[in-house]
Amino acid sequence: MTIGYRKPPHYTADADARESKNDYKEIIIKPKGLNIVWGNDSRYWRLPELDSDPVELVQVSWLEVTGSAKLRKNKTYEISFKVSLKDDAFGWSSCPVFLMAKLSKKGKYIWKRINQIEADQGGQFEIPKDDKFQVTVPDEDDKTELFFGLYEVWSGKWKGGLKIHEVLIKRVD
């Protein structure tokens, strides 16, 4: 009896889909460098073919897109997701989205509630838009790996039409 191979439903990040610039002053993580819950299921997500393409949310009720990056000690970083909404995007007007981050796997999460995702005339925009989301790395050897994510897992509402172009982690000091 032959047992067929079944692809897992979640997409696991490709470590090669991240780029560090200027001695880690700027880290860019492309969609293939993110972990995406239900990302391997085409009913829910369209994965990019090229590294330069965004990942596209078809529809989910559980939004969980996460990643990680090594940072420098004693530095402060801003984290943002560069996204856009398709013309037929739905479910975002009453769904708060949370941006969360922690340093080390055992670290304590800090978070920011984004009350509503709104497109800037159909173009790309950042989450968060105005109020920056920052994390400061202490001078501890075991606290230099950042774990971050974009979440909407509490409302149970279906949402779709979000495109994630990249995550930008930028040093501010």
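What counts, and where the lines are drawn
- Residues numbered from 1 in each chain as written.
- Predicted model: local features only at pLDDT ≥ 70, side-chain atom pairs only at ≥ 80, totals over all residues.
- Heavy atoms only, no water.
- 1 Å grid on protein atoms, 1.4 Å probe; cavity = no way out; pocket = protein on both sides within 12 Å on 5 of 7 lines; lining within 4 Å.
- Points joined across faces, edges and corners; volume = space filled by probe spheres on them.
- Helix = DSSP H or I, 4+ residues; strand = E, 2+ residues; numbered from the N terminus.
- Nonpolar A, V, L, I, M, F, W, Y, C, P; charged D, E, K, R; others polar.
- Core = buried A, V, L, I, M, F, W, Y, C linked by side-chain atoms within 4.5 Å.
- Buried < 20%, exposed > 50% of the residue type's maximum accessible area, 1.4 Å probe, protein only.
- Contact = heavy atoms within 4.5 Å.
- Salt bridge = Lys/Arg side-chain N within 4 Å of Asp/Glu carboxyl O.

As recorded in an unreviewed UniProt entry, the protein chain goes by the name Phloem protein 2-like protein, listed as coming from Melia azedarach.

Q: Provide a residue-level description of the layout of surface pockets, including the pertinent values.
A: For the largest pocket, the calculated volume is near 190 Å³. Taken together, 14 residues make up the lining of the largest pocket; nearest its centre are Ile 114, Gln 116, Pro 128, Lys 129 and Asp 130. Contributions of two or more residues to the lining of the largest pocket are made by strand 9 (110–114) and strand 10 (125–127). Looking at side-chain class alone, the lining of the largest pocket contains 5 nonpolar, 2 polar and 7 charged residues.

Q: Can you tell me about the nonpolar core, naming the residues and giving the values?
A: Among the nonpolar cores identified, the biggest contains 38 residues, and Trp 45, Phe 81, Leu 146, Phe 148, Ile 164 and Ile 169 are the most heavily contacted of them. Going through the elements one at a time, strand 2 (26–29), strand 5 (55–57), strand 6 (63–70), strand 7 (76–90), strand 8 (97–103), strand 10, strand 12 (145–152) and strand 13 (160–171) are the ones with two or more residues in this core. Broken down by element, the residue count for this core peaks at 5 residues, all from strand 7. In contact with Trp 45, not counting residues within four places along its chain, are Ile 36, Val 37, Trp 38, Gly 39, Val 55, Glu 56, Leu 57, Val 58, Val 60, Leu 63, Val 65 and Ile 164.

Q: For the pattern of salt bridges, give the residues involved together with the corresponding values.
A: Applying the stated criterion to the full structure yields 8 salt bridges. Salt-bridge contacts for Arg 43 lead to Asp 41; the nearest nitrogen and oxygen are separated by 2.6 Å. A salt bridge links Glu 166 to Lys 82, with the nearest nitrogen and oxygen atoms 3.7 Å apart. Residue Glu 166 is located in strand 13, and its partner Lys 82 is located in strand 7; the two are separated by 84 residues in the primary sequence. Using a relative accessible area of 11% as the deciding quantity, one classes Glu 166 as buried. With relative accessibility at 28%, the residue Lys 82 sits in the partly exposed group. Taken together, the shared-partner salt bridges connect Lys 30, Lys 82 and Glu 166 into one network.

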